[in-house]
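Listed below are the residues making up each chain.
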Amino acid sequence: MTYRRVVGDSMKPAFSTGSILVCTKTADVEKLRYGDCVVAHIPYSGEDLTVTKRIVGLPGDQIQVRDGLLYRNGKALPDGLPLMEDAGIAENPVLLAPGHYFLLGDNRNLSRDSREYGPVPACFITNKIL
C-alpha cells in the first residue's frame, strides 16, 4: 500500500486538495472497473502529468460527450455532476483500443483529463485508490 496527497480540486467533491488517499499498486489492470479512481503518470505535451481520475471508459467502449453529458456505447450516463462545458476530443466518438481507459475528473469543468490528453494506456496507470 502507498499513500498519495491530492494536489488540486479536479476530483471534488470526492477528493480535495490535501486529502490523503490510500492506494494499491495496479498489478492487474484487467480488474479495473467503471468508477474506480486511479493514479496515472502521463507524458503529455512535454510534461509528465501525475493525475488522480475516475475510470469512465474501459477497453472496447465508445465514449462521447454531447450536450454536456457523458455517453458510453451510445447511452447517456447522467451522474448528478454539473454538465461538461468542454467535450474536448470526446466531441466526436472515441473508440477505446485494447488496454486503454478513458479517465475523467469529478470536477469536470476544472479537470485536465482524457478529454484533453486522450485515452490512457494501462501501462500509465500506477495505482488504484482504495
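In this report, we go over the structure that sits alongside the text. (Residues numbered from 1 in each chain as written. Predicted model: local features only at pLDDT ≥ 70, side-chain atom pairs only at ≥ 80, totals over all residues. Heavy atoms only, no water.)

### What to know about the sheet that holds strand β8 (residues 94-95)
Taken together, the four strands give an open sheet; going across it, the order is β7-β6-β5-β8, and neighbouring strands pair in antiparallel fashion. Since the sheet does not close on itself, it has two edges, and those belong to β7 (75-76) and β8, each with one partner. (Pairing = 2+ DSSP bridges. Helix = DSSP H or I, 4+ residues; strand = E, 2+ residues; numbered from the N terminus.)

### Regarding the sheet that holds strand β11 (residues 125-129)
Spatially, β1-β2-β11-β3-β4-β9-β10 is the arrangement adopted by the seven strands of the open sheet, whose pairing is antiparallel. In this open sheet, the two edge strands, each paired with only one partner strand, are β1 (2-5) and β10 (120-121). Pairing analysis gives four bridges linking β1 to strand β2 (residues 20-25), with the strands arranged antiparallel. Note on β2: the bridge partner recorded for Tyr3 is Val22.

### Examining empty space enclosed by the protein
Going through the model one piece at a time under the given rule, you end up with one cavity of 30 Å³ or more. Surrounding the largest cavity, Gly68, Leu69, Leu70, Leu77, Pro78, Asp79, Leu81, Pro82, Leu83, Met84 and Arg108 form its lining. Residues that form the lining of the largest cavity fall into these classes: eight nonpolar, one polar and two charged. (1 Å grid on protein atoms, 1.4 Å probe; cavity = no way out; pocket = protein on both sides within 12 Å on 5 of 7 lines; lining within 4 Å. Points joined across faces, edges and corners; volume = space filled by probe spheres on them. Nonpolar A, V, L, I, M, F, W, Y, C, P; charged D, E, K, R; others polar.)

### A word on the state of the cysteines
By the definition in use, this model includes zero disulfides. Looking at the unpaired Cys37, the closest cysteine sulfur is the one in Cys23, lying at 10 Å. Its relative accessible area of 7% is what places Cys37 among the buried residues. (Disulfide = S-S within 2.5 Å. Buried < 20%, exposed > 50% of the residue type's maximum accessible area, 1.4 Å probe, protein only.)

### Observations regarding the layout of surface pockets
Estimates place the volume of the largest pocket at around 220 Å³. In this structure, the largest pocket is lined by 13 residues; those nearest its centre are Val7, Ser10, Thr50, Val51 and Lys53. Counting residues per element, the lining of the largest pocket draws most heavily on strand β4 (residues 47-57), which supplies five residues. Considering only residue class, the lining of the largest pocket consists of five nonpolar, four polar and four charged.

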